[in-house]
Amino acid sequence: MTKQRLLPTLVATLVCGLAHAATPAAMPEFVGTDAPFASNAIYFVMTDRFVNGDPSNDHRHQGGAHPTFNIPVPGAPKGQSANIGYLGGDFKGVLENAGYIRNMGFGAVWITPIVDNPDQAFTGGDPVYWGSKFTDRGKTGYHGYWGVNFYKVDEHLPSRNLDFAQFTAKMHAAGLKVVQDIVLNHGSPAFTMPVRQPQFGQIFDKSGKLIADEQNLPPWQLDPVRNPLHRFYHAYEDLVQLSNNDDQNPAVLDYFTGAYLQWIGEGADAFRIDTISHMSTTFWKQFSARIRARHPGFFMFGEAFDYSPDNIGKYTWAQNGGISLLDFPLQQAVKQVFEHPDSDFAALQARLYLTNGPYANPYELVTFYDNHDMARLAATDNGFIDADNFLFTARGIPAIYYGSEIGFERGMAEHQGNRNYFGQPRIDDAPKSPIYRQLVRIARLRERTPALQRGLMLPIHFAGQQASFYRVYQKGNVHQIALVLLNKGDRSAGFDIRDDLQSGRWQPAFGGEAIEVTTGGSLHASVAAHDVQVYLLDAQATRPDLVAELTRLMEERGHPRH
């Protein structure tokens, strides 16, 4: 890669330094982000599908004529399955495996919504079948995204002496933060039912009073002028048959602010906001202002399922709420690169947006390669290993979907097994997987390396099967330069690093002999097939061209026009 050098700026800096040689210069700060949450890699759990820690809360006979437990998706090929009923995962199942998650190197667990969902399977919409999309007939709220009372925990999740507050307290004691998945733009499926079902299309307040009801009417038949129960909703449809909350109604803002302040009070450490792009930036600015007035700096990241950074970047700016995002544009490139062995690393560099980009701070984006709403990564074991090596060393906060540590249900979409039950036996056997072993190796390195968590990212070379870049964190008493070398090829690869390379004793993070680099010298290293090497220099950045590049990155993290 050919980099643009800031020679005029550099010369001016050197001249200024000579003119004031008698006065010690203050150490410049080089920081990608200082958001405390950025130190934590995230493990994403669909709670009902992780581990059934307490069978007594399964409610296996719930639903009457429309039962909710264990509903296989019809049409599955031989040997495959998917399910749209509850399968028993709960708070206890997550808590009992907190050590498993923590020992992998994760600092936070993102759980699916905890709020109360309907007690029957939905009878409207289009029928679910193998591989179908946007179909909900026969499905239950096992996933948590069909809230009916946002102040109440769904009965499938807690156990005796383990309500949400107790769950978060015990997760904290185990060294894990809790990211609560929250929904504001929609509730449960609200219309197309042959016969109205209780709770569907309804919302209840903290005391259990009904405050909104679509009454099984299509949105265009709602009458908010004459019917107070219709005023919570827009009179137009949005996502399938889900109720569509009116983001211009102050009562909607009041209701959800109150609910989610309640859950922060019970221990939620951060929010993942579902479907953020379905409500206005005006709404999000008001919501975030109210949350952060009580909890300054509270970390939130939204889901705007859109691969255009120009479309989604607006949510990250202060005037629109200052809410970070799941990095869908980068995910698209990650999928392209690591599902295909002959791919080019260059596709990733184009989606980093390290300077003059659409995001207020790209270092606070949550990076990932798959989730519950898309097909899982369809990669080989080596593809998963290579993807993890990139996510845990590049800019952003990595999030791994449950089971990806062993390649669980790889390539499968929602109604093809993407959300299948994981279970304790798979967890117990996970250390046998090469994906797991390499994930632990790189995740633990990030966990103990400030530069990989929060440092600026300076690309050196992204091409073919190899990539190299610096991560630099320099603030206060912490000054660390990390040199990352990635090889996704089937053969070992040699690296000869010269660009911006500072002299000093570079220590390999995974053991081995340190490399002494002299002024103007180079670093030669060999990286095994499908592997990563990280060299660390715990020293202040002083090489002039390196300092100039880092200064540029600091000045241009976000586009000034925003």
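Residues numbered from 1 in each chain as written. Predicted model: local features only at pLDDT ≥ 70, side-chain atom pairs only at ≥ 80, totals over all residues. Heavy atoms only, no water.

Novice: Hey, could you run me through the overall build of the chain in this one?
Specialist: On a plain count of helices and strands, the chain comes out with 14 helices and 22 strands. Counting the 562 residues in the chain, one finds 59% classified as buried. In the chain, of all internal contacts separated by at least 6 residues, the share reaching a separation of at least 24 is 74%. If you sum the accessible surface of the chain, you get close to 21,600 Å²; carbon and sulfur atoms cover 52% of it. Within the chain, the 58 negative side-chain charges are centred at a point lying 2 Å from the centre of the 49 positive side-chain charges. (Helix = DSSP H or I, 4+ residues; strand = E, 2+ residues; numbered from the N terminus. Buried < 20%, exposed > 50% of the residue type's maximum accessible area, 1.4 Å probe, protein only. Contact = heavy atoms within 4.5 Å. Areas by Shrake-Rupley, 256 points an atom, 1.4 Å probe, with all protein chains shown as cover. Lys, Arg positive; Asp, Glu negative; His and termini not counted. Charge placed at Lys NZ, Arg CZ, Asp CG, Glu CD.)

Novice: For this particular structure, what's the right way to read the packing of helix α8 (residues 328-338) against helix α10 (residues 381-391)?
Specialist: To characterise two packed helices, one gives the angle between the axes of the helices and the distance between these axes. Their axes nearest at 9 Å, the elements α8 and α10 cross at an angle of 140°. Between α8 and α10 lies a crossing whose hand is right-handed. Where α8 abuts α10, its residues L330, V334 and F338 lie against G383, D386, A387 and F390. (Axes fitted to C-alpha atoms, helices over the stretch in contact; angles between N-to-C directions. Left-handed = near helix turned anticlockwise from the far one by under 90°.)

Novice: I would appreciate a short explanation of helix α6 (residues 281-294) in the present structure.
Specialist: Each α-helix turn comprises 3.6 residues. Residues three or four places apart therefore point the same way. Under the 1.5 Å per step criterion, the end-to-end length of α6 is 20 Å for 14 residues, consistent within 8% with the ideal 20 Å. Residues of α6 that are buried: F283, W284, F287, S288 and I291. The arc enclosing the buried residues of α6, seen along the axis, measures out at 120°, which places them on a common side. The exposed set on the far side of α6, more than 90 degrees from its buried face, consists of T282 and A293. Taken together, the buried residues of α6 touch β5 (177-182), α5 (250-265), β10 (270-273) and β11 (299-302). (Expected span 1.5 Å × (residues − 1). Arc of directions from axis to C-beta.)

Novice: Looking at this structure, how should I read the layout of surface pockets?
Specialist: Taking a probe equal in size to a water molecule and rolling it over the atoms shows the remaining empty space. What the largest pocket holds in volume is close to 780 Å³. The wall of the largest pocket is formed by 28 residues, among which F134, L239, D373, E414 and R419 lie closest to the centre. (1 Å grid on protein atoms, 1.4 Å probe; cavity = no way out; pocket = protein on both sides within 12 Å on 5 of 7 lines; lining within 4 Å. Points joined across faces, edges and corners; volume = space filled by probe spheres on them.)

Novice: Explain the side chain of R376 here, please?
Specialist: The residue R376 is located in the loop between β13 (366-367) and α10 in this model. Although R376 is buried, it forms no salt bridge, and the closest oppositely charged side chain is D370 at an N-O distance of 4.9 Å. A polar side-chain atom of R376 sits 3.0 Å from the main-chain carbonyl oxygen of N418. What R376 contacts, discounting residues up to four positions off in sequence, is E339, D370, Y401, Y402, G403, S404, F408, E409, R410, G411, M412 and N418. (Salt bridge = Lys/Arg side-chain N within 4 Å of Asp/Glu carboxyl O. Polar contact = N/O pair within 3.5 Å; in protein donor to acceptor, adjacent residues only side chain to side chain.)

Novice: What am I meant to see in unusual backbone geometry here?
Specialist: Residues apart from glycine generally show negative phi values, whereas peptide bonds are mostly found in trans. Phi is positive for N70, close to 55°, though the residue is something other than glycine. Assignment of secondary structure puts N70 in the loop between β1 (42-45) and α2 (91-95). For N70, a relative accessible area of 44% puts it in the partly exposed group. The backbone of T275 shows a phi angle near 45°, a positive value even though the residue is not glycine. With respect to the helices and strands, T275 occurs in the loop between β10 and α6.

Novice: Is there a simple way to think about empty space enclosed by the protein in this case?
Specialist: On inspection of all chains with the given rule, the structure shows two cavities of 30 Å³ or more. Roughly 90 Å³ of volume is contained in the largest cavity. Around the largest cavity, the lining comprises 16 residues; the ones closest to its centre are P113, G141, Y142, G144 and L157. Its residues assigned to classes, the lining of the largest cavity comprises six nonpolar, eight polar and two charged. Here the second largest cavity defines a volume of roughly 40 Å³. In terms of lining, the second largest cavity is formed by F44, W110, L326, F368, D370, N371, A399, I400 and Y401. In terms of residue count, the dominant contributor to the lining of the second largest cavity is strand β14 (residues 397-401) (three residues). Grouping the constituent residues of the lining of the second largest cavity by class yields seven nonpolar, one polar and one charged. (Nonpolar A, V, L, I, M, F, W, Y, C, P; charged D, E, K, R; others polar.)

Novice: Which parts of the structure should I look at to understand the side chain of H230?
Specialist: Relative to the assigned elements, H230 resides in the loop between β8 (210-213) and β9 (242-244). Here H230 falls in the buried class, since its relative accessible area comes to 3%.

Novice: Just checking my understanding: could you explain the sheet that holds β1 for this structure?
Specialist: In sheet architecture, strand pairing relies on hydrogen bonds along the backbone and comes in two forms, parallel and antiparallel. Within the open sheet, the eight strands sit side by side as β12-β11-β10-β5-β2-β1-β14-β13. Their pairing is parallel. Whereas interior strands pair on both sides, the edge strands pair on one side only; in this sheet they are β12 (324-325) and β13. (Pairing = 2+ DSSP bridges.)

Novice: When you look at the pairing of β5 in this model, what are you seeing that I'm missing?
Specialist: Two faces, one strand: in a regular strand the side chains alternate between the faces of the sheet. Burial runs high along β5: five of the six residues are buried. With four bridges connecting them, β5 and β10 associate as parallel partners. Counted as the bridge partner of V179 is A270 from β10.

Novice: Any chance you could explain the pattern of salt bridges here in plain terms?
Specialist: If the charged atoms of two oppositely charged side chains come close together, the side chains can form a pair. One pass over the full model with this rule turns up 26 salt bridges. Notably, a salt bridge pairs D34 with R454, separated by 4.0 Å at the nearest N-O pair. Residue D34 is located in the loop between α1 (7-19) and β1, and its partner R454 is located in helix α13 (residues 450-454); the two are separated by 420 residues in the primary sequence. Residue class for D34 comes out partly exposed when judged on its relative accessible area of 33%. For R454, a relative accessible area of 15% translates into the label buried.

Novice: I tried to follow the packing of aromatic side chains on my own but got confused; where do I start?
Specialist: In this description, a pair of aromatic rings is defined by centroid distance and the angle of the planes. Scanning the entire structure with this criterion turns up 46 aromatic pairs. Their ring planes at 80° and their centres at 5.2 Å tell us that Y151 and Y255 sit as a pair that is edge-to-face. Within this pair, whereas Y151 is found in strand β4 (residues 149-153), its partner Y255 is found in helix α5, the two being separated by 104 residues in sequence. Y255 matches Y151 in its accessibility class, with the two residues each being buried. Over the ring of F510 we find R441; its NZ or CZ atom is 3.8 Å from the centre of that ring. (Phe/Tyr/Trp six-rings, centres within 6.5 Å; stacked < 30°, edge-to-face > 60°. Lys NZ or Arg CZ within 6 Å of the ring centre and 35° of its normal.)

Novice: What is the right way to read the sheet that holds strand β15 (residues 456-463) from this model?
Specialist: Read from one edge to the other, the open sheet built from six strands follows the order β15-β16-β17-β22-β19-β20, with strand pairing classed as antiparallel. What marks the edges here is a single partner per strand, and that holds for β15 and β20 (515-517). Across the sheet, the mean angle from the axis of one strand to that of its neighbour is 20°, orientation sign disregarded. As defined by bridge partners, strand β17 (residues 478-487) adjoins strand β22 (residues 531-537) across seven bridges and the pair is classed as antiparallel. Within β22, the position partnered with N487 by the bridge is D531.

Read these as geometric descriptors, not functional statements.
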